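Here are the chains, one letter per residue:
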Amino acid sequence: MKLSFYILLLFILSVLIRCNNTDNTSKSEEELIVENNEKEIEQLNSDLKKYSFEPQDSILKSVYDTNDFKNLWFNENFILSEEAIQLIDLLQKANGFGLNPVHYHLDSLEVYKTAFETNFQNALELEITLSKSYVKFGTHLHRGLIDTPKVYTDLKLKDSLISFSKVMKKGELIKQLLLLQPQHIEYQKLQKALAKYVSENEISDDFIAIPNFKKDSVKSYEAAKLALIKLDYLSSSDTGIQIVEGVKLFQEDNGLTPDGLIGKHTAEMLEYSGSKIYFQAAINLEKWRWIEDWGKDYFFANIPEFLFKVYENNELVINNRTVVGTSYTPTPEIQSQLKYFIVNPEWHVPYSITSGELIPKMKKDPTYLERNGYAISTKGVAINDIDWENANASSFKYTIKQKSGSSNALGKVKFIFDNKHSVYFHDTPSKSFFKKDIRTYSHGCVRLENPFDVANYIVNKEENPKWENLIDTLLVKKTTKTMTPSGIYPIHIAYFSSTGTNNGHLKTMLDVYKKDEALIEAFKNKYFLKD
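Each value, and the rule that gives it
- Numbering of residues begins from 1 in every chain and follows the order in which that chain's sequence is written.
- With the structure being a predicted model, the display of local features is reserved for residues of pLDDT at least 70 and the display and counting of side-chain atom pairs for 80 or more, all residues being used for whole-chain, interface and lining totals.
- As a rule here, side-chain values cover all heavy atoms of the structure and leave hydrogens and water aside.
- Here a strand is any run of E in DSSP of at least two residues, a helix any run of H or I of at least four, and the numbering for each starts at the N terminus.
- Under the scheme applied here, a residue whose accessible area is under 20% of the maximum for its type counts as buried, over 50% as exposed, and between as partly exposed, the area being computed with a 1.4 Å probe on protein chains only.
- Any two residues whose heavy atoms approach within 4.5 Å are treated as being in contact.
- In this charge count, Lys and Arg are treated as positive and Asp and Glu as negative; neither His nor the chain ends contribute.
- The location of each charge is read from NZ of Lys, CZ of Arg, CG of Asp or CD of Glu.
- Here pLDDT means the predictor's own confidence in every residue, given as a number from 0 to 100.
- When DSSP finds two or more bridges between two strands, those strands count as paired.
- In a helix, the anticipated span is given by 1.5 Å times the number of residues less one.
- Two N or O atoms count as a polar contact when they lie within 3.5 Å, although within protein this holds only if one can serve as hydrogen donor and the other as acceptor, and sequence-adjacent residues are included solely when both atoms are side-chain atoms.
- The rule for a salt bridge is simple: a side-chain nitrogen of Lys or Arg has to be within 4 Å of a carboxyl oxygen of Asp or Glu.
- What is meant by a nonpolar core is a set of buried Ala, Val, Leu, Ile, Met, Phe, Trp, Tyr and Cys residues, joined one to another through side-chain atoms within 4.5 Å.

Engineer: Could you clarify how one ought to interpret the overall build of the protein chain in this entry?
Structural biologist: Looking only at helices and strands, the protein chain features 17 helices and 15 strands. Its C-alpha atoms give the protein chain principal-axis dimensions of about 135 × 55 × 55 Å. Classification of the 531 residues of the protein chain by burial places 47% in the buried group. When contacts within the protein chain are restricted to residue pairs at least 6 apart in sequence, those whose partners lie at least 24 apart make up 68%. The protein chain carries 64 positive and 70 negative side-chain charges, and their two centres are separated by 7 Å.

If you want it as structure tokens, here you go:
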């Protein structure tokens, strides 16, 4: 019995000794691995310090100099960091940002990454190439591809300089990279919508022809279904009323009358190829990258979208339909701020309209001006005092005004802001135009469907006790009054023909002024240039 006990005791002790020896061996191996990793990282950092940067890589040299020539893309285990993997993934998906992955050294990165993972070779080359790619992608995210933005926009441009030495400090590299993009809510929605579109669609010149709805509505709906499946509005199993509802949703997202009928403009938009949709969205992201930040509170009229939006703390609080200028009298891009607004305004008719429209109308109908509430601004001169039969653009010396009232072209309120074009926002008695899909009917000013949404918004923001119920009183009494707010209300009139919807779809508008064509051509030249 005692012998058996001692044998068992010796067995247990031998096992414990072996386990303890194993632990010591394992710990020594771990220590060796740690030491080896530290040596490899020290060697990489030493190589970085001795690296001969090319003249065009002065930004990178400054980055590493600021970082004491410590690597940015390897962790303490001498493997690629999580942020390095995230960067490569972002570069591979660059077209989701409206950029071409071919610009960001992906072929070289793949070669160096494979070599490193296979036998720990090319760590230095992998480190440098990742940083080059980061700088190039970050530059494009921040200021776009086009070198001459002033050719394509009248909006104020931002300072496009970037301090990559500050951006690329060790830690939060991807977060800082994405912060180089515009943080504007409209940009963010468009970028997310484009990324979604790219992930679900082929970017090609192929398109689906939509047969004439009036000639064959069945075939028209069949073709529309195929287009809407591609655009993620329908699934292949949808039929009948589901297709009509898909058409309505597409129309609503794209600023068309959501009637479910495939009219001219609906068909035109459904026929857009994947390539057209993609590059139109890409140049709009490009334009957002050029311009200065607008802050969180502003008025924004987007010309091709035919919408006027009021943003407060980056939240959309007013969304009004608009009528903008014709292709002959286009609404310009403007940045300004509200000076005042006038309730029951008079309209002092611009000379171009007087000479081009009113004089010819008076020649045909001598009662036209009086019937529509017009008068001559010059004291002592009446409409009937003028020889309209012989009046012409070169000889007419008078200014015409239209009195306030229900027929006044400005409606019941107008909003004034400084600009060289004499453009402003205003009401209109011609409400029927707001029911149309393409609303290009003005002489350049922006007409608002519900302008008192804006006027009352300003009144509420001002909290001026003298303004309480004032607008209602003025409208009842038909009294003209100028109201000057004390607050600052930035105004932006811009031309963005692609936006992102709240449900994540791309909204692609018609290029009503044909402003996109030259920009798309210039953008493609840069986009496909392999450098």
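Engineer: Even after reading the chapter, I still don't get the confidence of the model for the protein chain, so can you show me in this structure?
Structural biologist: Note: predicted coordinates in regions of low pLDDT should not be interpreted at a detailed level. In the predicted model, the protein chain carries a mean pLDDT of 90, and 94% of its residues have values of at least 70. A low-confidence stretch, residues 21–25 (pLDDT under 50), is modelled with 0 contacts involving residues beyond four sequence positions or located in other chains.

Engineer: Sorry, what's going on with the sheet that holds strand 5 (residues 347–348) here?
Structural biologist: Strand order in the open sheet formed by 3 strands is 5-7-6, with antiparallel pairing between adjacent strands. The open sheet has two edge strands with one neighbour each: strand 5 and strand 6 (374–376).

Engineer: How should helix 12 (residues 274–290) be read in this particular structure?
Structural biologist: The periodicity of an α-helix, 3.6 residues per turn, causes residues three or four positions apart to be oriented the same way. An ideal rise of 1.5 Å per residue puts 24 Å on 17 residues; helix 12 measures up with 25 Å between its terminal C-alpha atoms. Where burial is concerned, most of helix 12 is hidden: 16 out of the 17 residues are buried.

Engineer: For this particular structure, what's the right way to read the side chain of Asn302?
Structural biologist: Here Asn302 is to be found in strand 1 (residues 298–302). At 2.9 Å, the side chain of Asn302 forms a polar contact with the backbone nitrogen of Phe496. Residue contacts for Asn302: discarding those within four places in its chain leaves Leu307, Ala494, Tyr495, Phe496, Thr499 and Met509.

Engineer: Before we go on, may I ask you to explain the pattern of salt bridges in this structure?
Structural biologist: One pass over the structure, following the stated rule, counts 16 salt bridges. Residue Lys196 is joined to Glu200 by a salt bridge in which the shortest nitrogen-to-oxygen separation is 3.4 Å. Of this pair, Lys196 and Glu200 both sit in helix 8 (residues 185–200), separated by 4 residues, roughly a single helical turn. By relative accessible area, Glu200 is classed as partly exposed at 42%. A salt bridge links Glu312 to Lys461; the shortest N-O distance between them is 3.4 Å. Here Lys461 lies in helix 15 (residues 451–462) and Glu312 lies in strand 2 (residues 307–312), a separation of 149 residues in the sequence. The exposure class assigned to Glu312 is partly exposed, which follows from its relative accessible area of 27%. Beyond isolated ion pairs, a larger network of salt bridges with shared partners links Glu186, Glu305, Lys309 and Lys507.

Engineer: How should I be thinking about the nonpolar core in this particular structure?
Structural biologist: Soluble globular proteins tend to bury their nonpolar side chains together. Counting residues in each nonpolar core, the largest one holds 151 residues, and the members touching the most others are Trp73 and Phe341. Among all residues touching Phe341, those that are not within four sequence positions of it are Val413, Lys414, Phe415, Ala455, Ile458, Val459, Trp467, Ile471, Lys481, Thr482 and Met483.

Engineer: I tried to follow the pairing of strand 1 on my own but got confused; where do I start?
Structural biologist: Regular strands place side chains that alternate from one sheet face to the opposite one. Most of strand 1 sits out of view: 5 of its 5 residues are buried. Counted between consecutive antiparallel strands, the loop separating strand 1 from strand 2 contains 4 residues, among which Phe306 sits at a positive phi close to 55°. Both strand 1 and strand 13 (residues 490–494) contribute to a ladder of 4 bridges, which runs parallel. Across the sheet, Phe299 pairs through a bridge with Ile491, a residue of strand 13.

Engineer: Looking at this structure, how should I read the pairing of strand 3 (residues 315–325)?
Structural biologist: Summarising the sheet, strand 2 and strand 3 pair through 6 bridges and their orientation is antiparallel. Residue pairing across strands places Val310 opposite Ile318, the latter belonging to strand 3. Where strand 2 hands over to strand 3, the hairpin turn is made up of 2 residues, of which Asn313 adopts a positive phi near 50°. Looking at chain direction, strand 3 and strand 10 (residues 440–442) are connected through 2 bridges and run parallel. Of the residues in strand 10, the one forming a bridge with Gly325 is Ser442.

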